[in-house]
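# Observations on the model geometry
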Amino acid sequence: MNKQEPKIITTEDGSHSVYLPELNESYHSSHGAYRESIHVFLLYGLEAWYARNRGKFPIRIFELGFGTGLNAWLTLIWAEQNQVPVLYHTIEPFPLPEKIYESLNYTQLDETLTHYNGYFRKLHKMEWDTGKPLTDYFNIKKESISLQDVQLYPTDIVYFDAFSPKKQPELWEKPLLEKIHASMNPGATFVTYCAAGHLKKNLQSLGLTLDEVPGPPGKKEMTRAWKKS
């Protein structure tokens, strides 16, 4: 049987996501890919950390799951608009083919961000397994590697954007969460769209403090955890 190709789908807010027939899973919430990324990773991740730690630069971010590049692109825009240096490390074992990422519509959703449109393509076109500055305030290293094999750097914010625990259960269990926890700086935060009870128990068992935060559209809650300062 031939491997089924990923497909672009449109979510409720008009933004695209990618559906993988092989996993019967999409990269984002059907209620809105764009809104989900802004809510979970920008608002309750980056903005929340920054509110607590103004003046601590650069901000070091680790993203599990580069995927469509949406989180990285939105973070680049944030860094440029706030003139705050960000070091961004992201991994993706299965990069999307060019014909898919070239067709995504994120750069068409907000006409106030057209100045940054070119960077979305640059994020995808840059070589894997290398790092470089894309702007004055955004330096990124992309690696096509698994969480099991990657070498993590000290991190202030973790964007945990893996597929759901039903699809990739090993990523949500304690051994790999311990690896991420060990890389987190004092005061670092961990954010994900997932609100599964066993994930929260695993994070608490590692000594992280959980917040009660609302989920993105279509979800009652998400997960945010902090490492003690």
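Residues numbered from 1 in each chain as written. Predicted model: local features only at pLDDT ≥ 70, side-chain atom pairs only at ≥ 80, totals over all residues. Heavy atoms only, no water.

### Quick notes on the overall build of the protein chain
Helix and strand content of the protein chain: 6 helices and 11 strands. At 17 Å, the protein chain has a C-alpha radius of gyration in line with the 17 Å of a compact globule built from 229 residues. Along the three orthogonal principal directions, the C-alpha set of the protein chain runs to about 45 × 45 × 35 Å. Expressed as a percentage of its 229 residues, the buried residues of the protein chain come to 53%. Intrachain contacts of the protein chain at a sequence separation of at least 6 include 67% that bridge at least 24 residues. With the model as given, the accessible surface of the protein chain reaches about 10900 Å², and the carbon-plus-sulfur share is 48%. In the protein chain, 25 positive and 27 negative side-chain charges are present, and the distance between their average locations comes to 4 Å. (Helix = DSSP H or I, 4+ residues; strand = E, 2+ residues; numbered from the N terminus. Rg over C-alpha atoms; globule rule 2.2 N^0.38 Å. Buried < 20%, exposed > 50% of the residue type's maximum accessible area, 1.4 Å probe, protein only. Contact = heavy atoms within 4.5 Å. Areas by Shrake-Rupley, 256 points an atom, 1.4 Å probe, with all protein chains shown as cover. Lys, Arg positive; Asp, Glu negative; His and termini not counted. Charge placed at Lys NZ, Arg CZ, Asp CG, Glu CD.)

### Quick look at the sheet that holds strand β3 (residues 25-26)
Backbone-to-backbone hydrogen bonds pair the strands of a sheet. The strands run either parallel or antiparallel. The strand order across the open sheet built from 3 strands is β1-β2-β3, with neighbouring strands paired in antiparallel fashion. Of all strands in the sheet, those bounded by a partner on one side alone are β1 (7-10) and β3. When β1 meets strand β2 (residues 16-20), the two strands line up antiparallel, connected through 4 bridges. Across the sheet, residue Thr-10 finds its bridge partner in β2, namely His-16. (Pairing = 2+ DSSP bridges.)

### Focus: the sheet that holds strand β9 (residues 184-192)
Spatially, the 8 strands line up as an open sheet ordered β6-β7-β5-β4-β8-β9-β11-β10, and their pairing is mixed. Each having just a single partner strand, β6 (130-133) and β10 (209-211) make up the two edges of the open sheet. On average, adjacent strands in this sheet sit at an angle of 20° to one another, irrespective of strand direction. Taken together, the 4 bridges between strand β4 (residues 59-64) and strand β8 (residues 155-160) define a ladder with parallel strand orientation. Looking at the pairing, Phe-62 lines up with Val-158 of β8. Strand contacts of helix α6 (residues 197-205): β9, β10 and β11 (223-226), with the helix running at about 0° to β11, the strand carrying the most contacts. (Axes fitted to C-alpha atoms, helices over the stretch in contact; angles between N-to-C directions.)

### Thoughts on the environment of Thr-130
By secondary structure assignment, the location of Thr-130 is in strand β6. Leaving out residues up to four positions away in the same chain, Thr-130 has contacts with Ile-140, Lys-141 and Lys-142.

### Focus on the environment of Gln-108
Relative to the elements of secondary structure, Gln-108 occurs in the loop between α3 (98-101) and α4 (117-125). Look at Gln-108 and you get exposed, because its relative accessible area is 63%.

### What to know about the side chain of Ser-29
Checked against the element boundaries, Ser-29 lands in the loop between β3 and α1 (33-52). Within polar-contact distance, the side chain of Ser-29 engages the backbone nitrogen of His-31 at 3.0 Å. When residues no more than four places from it in sequence are discounted, the contact partners of Ser-29 are Thr-11, Glu-36 and Pro-217. (Polar contact = N/O pair within 3.5 Å; in protein donor to acceptor, adjacent residues only side chain to side chain.)

### Structural notes on the packing of α1 against helix α2 (residues 70-82)
Relative to each other, α1 and α2 sit at 50°, their axes nearing to 10 Å. One way to sum up the angle between α1 and α2 is to call them oblique. The interaxial crossing formed by α1 with α2 has right-handed handedness. Residues Ala-33, Tyr-34, Ser-37, Ile-38, Phe-41, Leu-42, Leu-46, Glu-47 and Tyr-50 of α1 lie in contact with α2, whose contacting residues are Leu-70, Asn-71, Trp-73, Leu-74, Thr-75 and Trp-78. When the residues that make up the contact of α1 with α2 are grouped by side-chain class, the tally is 11 nonpolar, 3 polar and 1 charged. (Parallel < 35°, antiparallel > 145°, perpendicular 65-115°, else oblique. Left-handed = near helix turned anticlockwise from the far one by under 90°. Nonpolar A, V, L, I, M, F, W, Y, C, P; charged D, E, K, R; others polar.)

### A look at unusual backbone geometry
In this structure, the amide linkage connecting Phe-57 to the following residue, Pro-58, adopts the cis form with an omega of -5°. With respect to the helices and strands, the residue Pro-58 is situated in the loop between α1 and β4.

### Details of the pairing of β9
In regular strands, side chains alternate between the two faces of the sheet. Taking burial as the measure, the 9 residues of β9 include 7 buried ones, the bulk of the element. Where β8 and β9 come together, 4 bridges link them in parallel fashion. Bridging across to β9, Ile-157 finds its partner in Thr-189. Taking the sense of rotation as the criterion, the β-α-β connection linking β8, helix α5 (residues 174-183) and β9 turns out right-handed. Note: β9 against β11, 4 bridges, orientation antiparallel. When the sheet's bridge partners are listed, Thr-189 is paired in β11 with Trp-226. (Right-handed = clockwise from strand over helix to strand, strands pointing away.)

By themselves, these figures tell us nothing about what the structure is for.
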